Amino acid sequence: MTGSLGQTAAECLDMIRQLIDDRDEKGTAGIKGTVEYAFWFAPGTWEVCPNGADSAYGRHIKPSDAPCNEDSCKRLAARVAARKARRAQGNPTPAALSAQLARAGFERIAHGRLSAGFRVLKNEGGPATGVRVVWYGEGRRLPLDSEPGRLAEIAEFIRAGGKYAVRYNGGARAEVTARRPAGDPRR
Ligand SMILES: [Zn+2]
């Protein structure tokens, strides 16, 4: 660490003191950056982040015993948490439910073709909201409630499987979520 050209020793020390105060003030939230600059933080307050440990350029530090402050690690943690939540909710994934329905003989809508068939889509609003099965009528680019196709059959098939709850009141759309035990407040 050197000061700027023309800076007195006192000014330089003052600058360093300010940098250290700044880091103390930010606390755990301010602990980030490369391993080379980790000397700015008190020993024991930081550790090498396991996400970047094996990469020559990605090596960085995180606060000890706390989540990493780097944006890429925050995004990764959010993805992992969302996946875990989806699994914990017991909701179906579009891919798995779609394959299951196709195996049962329901026509999956073919890409780029306007033949009648179903499609399974993730619901907006996060992992707790489950998926929806929609039915496209022959030649339709959108599901139409006036053309529910085989959706009543599909709803009955999923219900009969016993694994998921199905909300279907006619029309071209059925909601599928995890089946909750009786008395579960989440439904
Ligand atoms: Zn990290």
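Cut-offs used in this document
- Residues numbered from 1 in each chain as written.
- Predicted model: local features only at pLDDT ≥ 70, side-chain atom pairs only at ≥ 80, totals over all residues.
- Helix = DSSP H or I, 4+ residues; strand = E, 2+ residues; numbered from the N terminus.
- Rg over C-alpha atoms; globule rule 2.2 N^0.38 Å.
- Buried ≥ 20, exposed ≤ 12 C-beta atoms within 10 Å, placed from the backbone.
- Contact = placed C-beta atoms within 7 Å.
- Core = buried A, V, L, I, M, F, W, Y, C linked by C-beta atoms within 7 Å.
- Arc of directions from axis to C-beta.
- Expected span 1.5 Å × (residues − 1).
- Domains from an automatic or database assignment.

## A look at the overall build of the chain
Thought 1: Each helix and strand in the chain was counted, giving 4 helices and 6 strands.
Thought 2: Shown N-terminal to C-terminal, the secondary structure of the chain runs as helices and strands in the order α-β-β-α-α-β-β-α-β-β.
Thought 3: Radius of gyration (C-alpha) of the chain: 27 Å, far over the 16 Å computed for a compact globule of 187 residues.
Thought 4: Its C-alpha atoms give the chain principal-axis dimensions of roughly 80 × 45 × 30 Å.
Thought 5: Looking at the chain as a whole, 19% of its 187 residues qualify as buried.
Thought 6: Sequence separation of at least 24 residues holds for 37% of the intrachain contacts in the chain that already meet a minimum separation of 6.

## Brief notes about the nonpolar core
Thought 1: Of all hydrophobic cores here, the largest spans 16 residues; its most connected members are Phe118, Val133, Leu151 and Ile154.
Thought 2: Listed by contribution, the elements that provide at least two residues to this core are α3 (94-103), β3 (117-122), β4 (131-136), α4 (151-161) and β6 (173-178).
Thought 3: What Phe118 contacts, discounting residues up to four positions off in sequence, is Leu101, Phe106, Glu107, Arg108, Ile109, Val133, Val134, Trp135 and Ile154.
Thought 4: With 5 residues, the next largest nonpolar core counts Ile31, Trp46, Cys49 and Ile61 among its residues.

## Description of α3
Thought 1: Every buried residue of α3 is accounted for by Leu97, Ser98 and Leu101. Buried residues in α3, looked at end-on, bunch into an arc of 100°, giving them a common side. In α3, those exposed residues whose orientation departs by more than 90 degrees from the buried face are Ala95, Ala96 and Arg103.
Thought 2: Among the structural elements, β3, β4, α4 and β6 are those in contact with the buried residues of α3.
Thought 3: Once α3 finishes, Gly105 follows within two positions and takes phi at roughly 100°, a positive value.

## Notes on helix α1 (residues 9-26)
Thought 1: In this model, α1 (18 residues) spans 26 Å end to end at C-alpha, consistent with the 26 Å of a helix rising 1.5 Å per residue.
Thought 2: Of all 18 residues in α1, 0 are buried, a share of ten percent or less.

## Things to note about the domain arrangement of the chain
Thought 1: By the assigned domains, the chain splits into domain 1 (9-87) and domain 2 (90-178).
Thought 2: Computed from C-alpha coordinates alone, the two centres of domain 1 and domain 2 are separated by 45 Å.

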